[in-house]
Amino acid sequence: MPACAPPRERMTPAQDPGDASFDAVIVGGGAAGVLVAIRLLMREGGALRIAIVEPDTRLARGAAYSTTQPEHLLNVIASRMSAIAEDPGHFVRFLARNGQGTEAGLADVFAPRRDYARYLRHTLESLPGYDALVHLRERATDIERAEAGHVVHLASGARLRASHVVLALGNAARPLPAYLLHEGARVADSWDYTAVAGIEPGADVCILGSGLSMVDVALTLAHGGHHGRILVLSRHGLAPLPHAGPGAQHEGGIDDLLPLGVLPRWRRLRQRVAAAVAAGEPWQWSFDRLRPHGQALWRSLDDTQRRRFLRHAVRYWDIHRHRIAPQVAATLDGLRERCQLEIVPARLRALTADPVGGSCVHFRPRRTAREHMRHADWIVNATGVETNIDLRPDPLLQALRARGGILPGPQGIGLASSDCGYVIDTRGRPNPHLFVIGALRIGELWESIAIPELREQARQIANAMSGTDPTPPD
Ligand SMILES: Cc1cc2nc3c(=O)[nH]c(=O)nc-3n(C[C@H](O)[C@H](O)[C@H](O)COP(=O)(O)OP(=O)(O)OC[C@H]3O[C@@H](n4cnc5c(N)ncnc54)[C@H](O)[C@@H]3O)c2cc1C
């Protein structure tokens with residue numbers, strides 16, 4: 001059986017789906033959903049009836065690319081962000097055609113993220129068959145098995161019959177627990193780019209979380225001429241590290257790392273980095289060489305070692321692996337040097353109402369017993385994403401869970417899926433009509449959110465639906 005041949009299915013009685021009927025319904029029109037649609041059109045042109053169910057009025061934005069702020073840059077250079085793996089220059093040519101520079105000059109540029117959404121839309125819209133693609137500005141609330149496919153229920157009450165459904169739901173931000181908040185607290189979500197841009201320049205801001213979303217918030221504040229204080233609290237106080245300049249990199253092997261547990265693996269990695277640095281290389285290149293092997297590194301760990309990784313190593317891995325553009329790092333450094341931004345490793349204890357307005361932020365710095373308190377006019381939640389599907393407040397996931405259509409993935413993160421992205425139900429059976437792409441595959445693959453992984457998963461899903469090789473668009 002070929003690796004991605006559909007698993008054998010069991011039929012359930014047909015439901016009455018109403019009139020709308022599609023070969024493929026993609027639920028979620030962020031980057032991943034659009035990459036699936038691109039692959040399907042590349043292969044089938046207008047031969048397939050495709051619908052994307054996405055509440056946003058514009059496709060391809062999602063959490064990452066809906067920002068309109070020019071200072072929010074991709075974390076990866078343009079030559080590595082092509083939507084079409086077999087055509088690495090595809091995104092660079094788009095930027096060049098749009099007057100942003102020459103192809104040679106743009107290859108190593110960290111482009112604004114808003115341009116990436118435009119690029120994905122342009123790629124989709126220029127494919128034969130695009131005119132027949134339907135974008136339903138709706139939320140899917142349930143997916144029910146039916147004969148040879150599914151019925152997708154939408155929030156409006158409409159139903160769609162689909163031969164294949166793809167879950168491209170992306171990430172969900174983790175909300176702040178209600179018990180930490182007080183009435184009247186001014187809290188913004190880090191992905192609410194408009195709310196963050198609206199924070200008054202003189203406000204004291206407390207950002208909870210110190211990862212990439214914190215970086216976005218700090219950049220927006222800096223570009224808006226912010227002069228208030230910015231306090232960043234996170235348990236370890238670790239912030240993303242910068243990329244090194246581009247340079248010659250050779251493919252790196254991982255054979256010596258695979259048999260090792262988390263701790264000896266980390267030690268071996270440190271030795272590799274030290275040797276490379278001694279030979280005059282930036283440390284970043286050692287991690288770049290591991291980049292294509294992220295899934296193999298995760299899959300080689302047993303359950304105990306994966307738990308150890310998630311408990312002890314993930315924060316260190318993240319700041320080395322998910323790096324930021326050098327110019328972004330320079331802006332952050334500037335804020336820190338001016339003592340305007342302070343990152344404190346600490347645990348948030350509570351937010352209480354400040355009698356003068358705003359909040360009192362109560363926190364306990366790491367390895368201390370004493371609680372500290374600071375004033376903040378605004379709290380920005382940048383605590384990251386919810387990886388436990390049972391804690392995501394999404395009616396669709398809850399309905400699928402109640403039906404036994406999905407189950408949590410390894411280590412309780414994401415949902416269970418087979419190698420080619422077929423969703424696995426509670427009886428452990430891959431569903432031949434239901435695929436999943438992206439962040440929800442994190443438990444299986446770990447590396448499953450960035451464009452190189454998404455475009456490969458999109459290709460696999462499109463091929464699994466029929467099994468032919470596509471021709472890249474111009
Ligand atoms: C701030 C940020 C910066 C990033 N920068 C980069 C980068 O530079 N390079 C890189 O490779 N990756 C980057 N990433 C990783 C990024 O996650 C992926 O590149 C990509 O955006 C993920 O797309 P997605 O479609 O899987 O998820 P999302 O972008 O989250 O899109 C999911 C979509 O599904 C929709 N949806 C959810 N539930 C339903 C439902 N029930 N019904 C209908 N629609 C639904 C949502 O409305 C949303 O539009 C970044 C991520 C973030 C958050």
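Residues numbered from 1 in each chain as written. Predicted model: local features only at pLDDT ≥ 70, side-chain atom pairs only at ≥ 80, totals over all residues. Heavy atoms only, no water.

**Details of the pairing of strand 8 (residues 205-208)**
Stage number 1. In strand 8, alternate side chains face the same way, and those of V205 and I207 on one face and C206 and L208 on the other are all buried.
Stage number 2. Pairing geometry for strand 8 and strand 9 (residues 230-234), over four bridges, is parallel. Across the sheet, C206 pairs through a bridge with L231, a residue of strand 9.
Stage number 3. As for the winding sense of the linkage, the β-α-β connection from strand 8 through helix 7 (residues 212-223) to strand 9 is right-handed.
Stage number 4. Bridge count between strand 8 and strand 13 (residues 378-381): four bridges; the pairing is parallel. Following the sheet pairing, C206 is matched in strand 13 by I379. (Buried < 20%, exposed > 50% of the residue type's maximum accessible area, 1.4 Å probe, protein only. Helix = DSSP H or I, 4+ residues; strand = E, 2+ residues; numbered from the N terminus. Pairing = 2+ DSSP bridges. Right-handed = clockwise from strand over helix to strand, strands pointing away.)

**Some thoughts on the domain arrangement of the protein**
Stage number 1. We note that the domain assignment places domain 1 (20-72 + 112-172 + 386-466), domain 2 (178-241 + 324-381) and domain 3 (262-321) within the protein.
Stage number 2. The distance between the C-alpha centroids of domain 1 and domain 3 comes to 30 Å.
Stage number 3. The partner domain 3 presents 14 residues to the 14 residues of domain 1 that form the contact.
Stage number 4. When domain 1 packs against domain 3, close to 1100 Å² is buried across both sides, 47% of that on carbon and sulfur atoms.
Stage number 5. Area buried by domain 1 at its contact with domain 3 is led by Q411, W446 and E447, which between them contribute 58% of it.
Stage number 6. Viewed at the interface, domain 3 and domain 1 are joined by eight residue pairs in polar contact (both at pLDDT 80 or more).
Stage number 7. Those elements giving two or more residues to the side of domain 1 that touches domain 3 turn out to be helix 14 (442-445) and helix 15 (451-466).
Stage number 8. It is helix 14 that contributes the most residues to the side of domain 1 that touches domain 3, four residues altogether. (Domains from an automatic or database assignment. Contact = heavy atoms within 4.5 Å. Buried area = accessible area lost by both parts, 1.4 Å probe. Polar contact = N/O pair within 3.5 Å; in protein donor to acceptor, adjacent residues only side chain to side chain.)

**Observations concerning the site of the ligand**
Stage number 1. Taken together, 33 residues are adjacent to the ligand, and A32, E54, Y65, N75 and I451 come closest.
Stage number 2. Contact distances for the ligand include 3.4 Å between an oxygen atom and a backbone N or O atom of A168.
Stage number 3. Measuring from an oxygen atom of the ligand, one finds a backbone N or O atom of I451 at 2.9 Å.
Stage number 4. Relative to its unbound accessible surface of 990 Å², the ligand loses 90% to contact with the protein.
Stage number 5. Elements supplying a minimum of two residues to the shell around the ligand: helix 1 (31-44), helix 2 (62-65) and helix 15. (Near = heavy atom within 4 Å. Areas by Shrake-Rupley, 256 points an atom, 1.4 Å probe, with all protein chains shown as cover.)

**Regarding the pattern of salt bridges**
Stage number 1. By the definition in use, this model includes 24 salt bridges.
Stage number 2. For R321, the salt bridge goes to E447, with nearest N and O atoms at 2.6 Å. Highlighted residues: R321 in helix 11 (residues 303-321) and E447 in the loop between helix 14 and helix 15, separated in sequence by 126 residues. Each member of the pair, R321 as well as E447, carries the same accessibility label: buried.
Stage number 3. Of the charged contacts, one joins D425 and R429 as a salt bridge, the two residues approaching to 3.2 Å between their closest N and O atoms.
Stage number 4. Judged by relative accessible area, which is 8%, D425 ranks as buried.
Stage number 5. Because the salt bridges share partners, they merge into one network encompassing R291, R321, E447 and E453. (Salt bridge = Lys/Arg side-chain N within 4 Å of Asp/Glu carboxyl O.)

**Observations concerning unusual backbone geometry**
Stage number 1. The backbone of A60 sits at a positive phi, close to 75°, despite the residue not being glycine.
Stage number 2. Structurally, A60 is set in the loop between strand 2 (50-53) and helix 2.
Stage number 3. Residue A60 is classed as buried on the basis of its relative accessible area of 0%.

**Observations concerning the sheet that holds strand 11 (residues 359-365)**
Stage number 1. Judged by pairing direction, the sheet is mixed, and its seven strands sit side by side in the order 7-13-8-9-10-11-12 without closing on themselves. Edge positions in the sheet fall to strand 7 (187-189) and strand 12 (372-376), since each of these pairs with one other strand and no more. Adjacent strand axes in the sheet meet at a mean angle of 40° when their direction is disregarded.
Stage number 2. Packed onto the sheet, helix 7 meets strand 8, strand 9, strand 10 (341-353) and strand 13 and runs at close to 160° relative to strand 8. (Axes fitted to C-alpha atoms, helices over the stretch in contact; angles between N-to-C directions.)

**Observations regarding the state of the cysteines**
Stage number 1. Scanning the model with the defined rule gives zero disulfides in all.
Stage number 2. The cysteine C360 is free of any disulfide, with C206 supplying the nearest cysteine sulfur at 12 Å. (Disulfide = S-S within 2.5 Å.)

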